[in-house]
Amino acid sequence: MSGLGSRLDALRRRLLFTDEPDAGVLQGVFALLFGFDLALRAAGGSSLGLRSWPVVGLVVIVAGCAAAVLVPWDRLPGWSVGLLPVLDIAALGFSRMDHAGGATGTLAVVPALWLGRQFGMRGALVAFLGTVFLLAVPGLLYVGVSGANLTRTVVIPVVAGWAALAMSAALGRVRASLQVIEHQRRVSQAIFDTVDVGLLLLDRDGGYEGVNRRHLEFMRLAFPSGHDGRAGQAGEVYDSWGRHLVEKKDMPTHRASQGEEFDDVRIWIGADPLTRRAVSVSARRVEDDAGRFAGASLAYKDVTDYMRALKVKDDFVASVSHELRTPLTSIVGYVNIVLERDDLPPDVVAQLEVVSRNTVRLHRLVADLLHTARTDQGPMPVVRIPTDLAAIVRDCVKAAAPAAARNGITIEMDTPESLIVLADEERIGQVVDNLVSNAVKYTHAGGRVSVSLRIDATRAELSVADTGIGISAADRDRLFTRFFRTRQAEQRSIQGVGLGLSITKSIVESHGGRIEVESELDAGSVFRVRLPLGPEPRRDER
Ligand code: ADP
């Protein structure tokens, strides 16, 4: 609002008694109205001599104006400013001591409203008694109890008293509501400060509107050299692995100030690894009546102990899996060497083949656990070199052929001769292997698995379709989360631990690709992997 606009608004609020009464403004406006009445009277032919009572009234009001401006009311007792409206009523009394009469009596409403606004019921009483004794009685004594003068004079104290009373009642209601609001505010503030979650309110421009005590502690850790009170300030804020500083565009406050909503965004705050805390941040939009963005609320939950426990668990799983891998590799190798002998009795060969199959399974499980533990500690590094995806697909299908044949499942394959992509050969092999072996594993005897590889301008698309047990719509959303297995898989006692697909997804994404699934229960599933042929596209191109 412009300077003039805001001044006019302040004047409007004072004249309508929205703000505390301002003695100077009210007295000035009252003097103007009074002068206006006298001018109209003079224009109407009344002769107002310099010594007439109405002019005495005017002098009293002008003196009131001077007092309103010059007296330091805020240093005097609170009731003293009430002398001004009483003086105004007295001035009106003088102005009515004139046989010609005027409309000044109605002006008594102004000091009455003032008294009601400033002193409540007591002010209303003073307004009523003041108009009776300073305005009505002198007027009646001076002009006489003539018909018109009697009604006019008696009605004035009634109207003035009523106006003051109405004003004081309205004020009482407003004060009671304010007390309720203030009480609620204190309760909310107490809750705000008591909860063990950092809370932050942003206004529509990203300014900090409210911060609770817990969040102030987090802020001291994250911004040791102070904070400017605006969303997005960079500080000692690190990503969920605690390695890299978070850029402004990824700061939770910045994202929330852009209207984004999110849950469980994990960050580390504080530079010192010994005292830093891990927090999980959630954000919600605040909207105005028209549904427009009006700010955001953010909650910061301390999850340091949880994150440290996770790390201990991952380190443990990683080291145990690593220790298991070496002896397992040696068992697999030696069993295979023994199996190459041709002097073994057939039953020993059969038993050794069981040992070999189970050791291979155990080997794969350990590799999966190791992979999972590693991806928890940061994105899995992939070494992307030109790799023939078609050859990988052929190898995987060949490896799955014995299991498919055992279960009477046909595998169809449709691949180009060669399809070169930039990829980590071992990891992409793991992806294709997981999908093809799952398709075989979750398909009934007599079913069919179709593996196809296609290429378009920028991507390679691998699709693995089966006519197996299928996946329900509800399960599809959780399919790629760790240790998730569908009820159908569990009910049929098909072996597995639910790690393959989560690993598959993380490998595909670390190549800049995507994995999708279409499926219908009891009809079959199609898993599609799209991989970029060249360097990883930018995030917004995927
Ligand atoms: P695992 O096969 O070891 O259980 P995965 O992570 O590979 O683990 O798969 C997770 C779950 O997804 C499986 O347990 C199974 O319930 C379901 N699933 C995976 N592939 C298929 C498929 N082709 N058809 C039906 N269900 C599947």
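Another point: the domain arrangement of the protein. A common way to report how large an interface is uses the accessible area buried once the components associate. Split into domains, the protein comes out as domain 1 (2–186), domain 2 (198–302), domain 3 (308–375) and domain 4 (385–532). Placing the centre of domain 1 and that of domain 4 at their C-alpha centroids yields a distance of 88 Å.

Let us now look at the packing of aromatic side chains. Tallied over the full model, the rule gives one aromatic pair. Summarising the aromatic geometry, the rings of Trp53 and Phe94 are spaced 5.4 Å apart at their centres and angled 5° between planes, so their arrangement reads as stacked. Linking Trp53 in helix α3 (residues 53–70) with Phe94 in helix α4 (residues 83–95), this pair joins segments that are 41 residues apart in sequence. Positioned above the aromatic ring of Phe262, the side-chain terminus of Arg255 is 4.5 Å from the ring centre. Above the plane of the ring of Tyr238 lies Arg276, whose end atom (NZ or CZ) is 4.5 Å from the centre.

So, on to the site of the ligand. Contacts to the ligand come from 21 residues, most closely from Asn438, Tyr442, Arg485, Thr486 and Leu501. Take Asn438: an N or O atom from its side chain is 2.8 Å from an oxygen atom of the ligand. The side chain of Lys441 places a nitrogen or oxygen atom 3.1 Å from an oxygen atom of the ligand. The fraction of the free accessible surface of the ligand (520 Å²) that becomes covered by protein chains is 97%. Looking at the shell around the ligand, the elements that each hand over two or more residues are α12 (425–441), α15 (500–510) and β13 (524–532). The dominant element in the shell around the ligand, judged by the number of residues it contributes, is α12, at three residues. A class-by-class count of the residues in the shell around the ligand yields eleven nonpolar, seven polar and three charged.

Tallying each qualifying case throughout the model produces two cavities of 30 Å³ or more. Here the largest cavity defines a volume of roughly 120 Å³. Forming the walls of the largest cavity are 13 residues, and the residues nearest its centre are His215, Ala222, Phe223, Val237 and Tyr300. Elements with a contribution of two residues or more to the lining of the largest cavity: α7 (213–222), α8 (252–257) and β4 (262–269). For the lining of the largest cavity, the element with the highest residue contribution is α7, accounting for four residues. Split by residue class, the lining of the largest cavity holds eleven nonpolar, two polar and no charged. One number sums up the size of the second largest cavity: a volume of about 50 Å³. Every residue lining the second largest cavity is listed: Leu389, Ile428, Val431, Val432, Leu453, Ala460, Glu461, Leu462, Val529 and Leu531. Contributions of two or more residues to the lining of the second largest cavity are made by α12, β11 (459–466) and β13. Residue composition of the lining of the second largest cavity, grouped by class: nine nonpolar, no polar and one charged.

Here we take up the environment of Arg454. Relative to the assigned elements, Arg454 resides in strand β10 (residues 448–455). Sequence-wise, Arg454 and Thr486 are 32 residues apart; in three dimensions their C-alpha atoms are separated by 29 Å. Apart from residues no more than four positions distant in its own chain, Arg454 is found in contact with Leu419, Arg459, Ala460 and Glu461.

Inspection of the secondary structure assignment puts Leu87 in helix α4. Taking the C-alpha atoms as reference points, Leu87 and Gly64, separated by 23 residues in sequence, lie 7.1 Å from one another. Discounting residues that sit within four places of it in the chain, Leu87 has contacts with Val60 and Gly64.

Attention now goes to the packing of helix α2 (residues 23–43) against helix α5 (residues 109–143). Two numbers describe how α2 lies on α5: the axes approach to 10 Å, and their chain directions differ by 165°. Judged by the inter-axis angle, α2 sits roughly antiparallel to α5. Relative to α5, the crossing made by α2 is right-handed. Contacts from Ala23, Leu26, Gln27, Phe30 and Leu33 in α2 reach Val110, Pro111 and Trp114 in α5.

Another point: the pattern of salt bridges. It is possible for side chains of opposite charge to pair when their charged atoms get near one another. According to the stated counting rule, one finds 26 salt bridges in the structure shown. Ionic pairing is found between Glu412 and Arg448, a salt bridge with its closest N-O pair at 3.5 Å. Taken together, the residues span a long stretch of sequence, with Glu412 in strand β8 (residues 410–414) and Arg448 in strand β10 at a distance of 36 residues. Overall, the relative accessible area of 37% leaves Glu412 in the partly exposed class. Look at the salt bridges and you will find they share partners, linking Arg454, Glu461, Glu516, Glu518, Arg528 and Arg530 into a network.

This part covers unusual backbone geometry. A positive phi angle, close to 50°, is found at Asp264, a residue other than glycine. Summarising the element assignment, Asp264 is placed in strand β4. Judged by relative accessible area, which is 39%, Asp264 ranks as partly exposed. Of note in this structure, Asp522 is not a glycine but carries a positive phi near 65°.

What follows concerns the pairing of strand β2 (residues 208–211). Where strand β1 (residues 198–203) and β2 come together, three bridges link them in antiparallel fashion. By the bridge assignment for β2, Leu202 is matched with Tyr208. Taking the residues that link successive antiparallel strands as the turn, the β1-β2 hairpin has four residues, and the phi of Gly206 there is positive, at about 85°.

The geometry of α2 relative to α4 is characterised by a closest axis approach of 11 Å and an angle of 5° between their N-to-C directions. Viewed along their axes, α2 and α4 adopt a mutual orientation that is roughly parallel. Counting all contacts with α2, which are made through Ala23, Gln27, Phe30, Phe34 and Arg41, the residues of α4 involved are Leu84, Asp88, Ala91, Leu92 and Ser95. Partitioned by chemical class, the residues of the contact of α2 with α4 number six nonpolar, two polar and two charged.

Among all positions of α7, only Arg214, His215, Phe218, Met219 and Ala222 are buried. Within α7, the buried residues cover an arc of 140° as seen down the axis, which keeps them to one side. Away from the buried face of α7 by more than 90 degrees, exposed residues Arg213 and Arg220 are located. Where α7 is buried, its residues meet β1, β2, β3 (237–238), β4, β5 (277–287) and β6 (293–302).

What counts as what
- Residues numbered from 1 in each chain as written.
- Predicted model: local features only at pLDDT ≥ 70, side-chain atom pairs only at ≥ 80, totals over all residues.
- Heavy atoms only, no water.
- Domains from an automatic or database assignment.
- Phe/Tyr/Trp six-rings, centres within 6.5 Å; stacked < 30°, edge-to-face > 60°.
- Helix = DSSP H or I, 4+ residues; strand = E, 2+ residues; numbered from the N terminus.
- Lys NZ or Arg CZ within 6 Å of the ring centre and 35° of its normal.
- Near = heavy atom within 4 Å.
- Polar contact = N/O pair within 3.5 Å; in protein donor to acceptor, adjacent residues only side chain to side chain.
- Areas by Shrake-Rupley, 256 points an atom, 1.4 Å probe, with all protein chains shown as cover.
- Nonpolar A, V, L, I, M, F, W, Y, C, P; charged D, E, K, R; others polar.
- 1 Å grid on protein atoms, 1.4 Å probe; cavity = no way out; pocket = protein on both sides within 12 Å on 5 of 7 lines; lining within 4 Å.
- Points joined across faces, edges and corners; volume = space filled by probe spheres on them.
- Contact = heavy atoms within 4.5 Å.
- Axes fitted to C-alpha atoms, helices over the stretch in contact; angles between N-to-C directions.
- Parallel < 35°, antiparallel > 145°, perpendicular 65-115°, else oblique.
- Left-handed = near helix turned anticlockwise from the far one by under 90°.
- Salt bridge = Lys/Arg side-chain N within 4 Å of Asp/Glu carboxyl O.
- Buried < 20%, exposed > 50% of the residue type's maximum accessible area, 1.4 Å probe, protein only.
- Pairing = 2+ DSSP bridges.
- Arc of directions from axis to C-beta.

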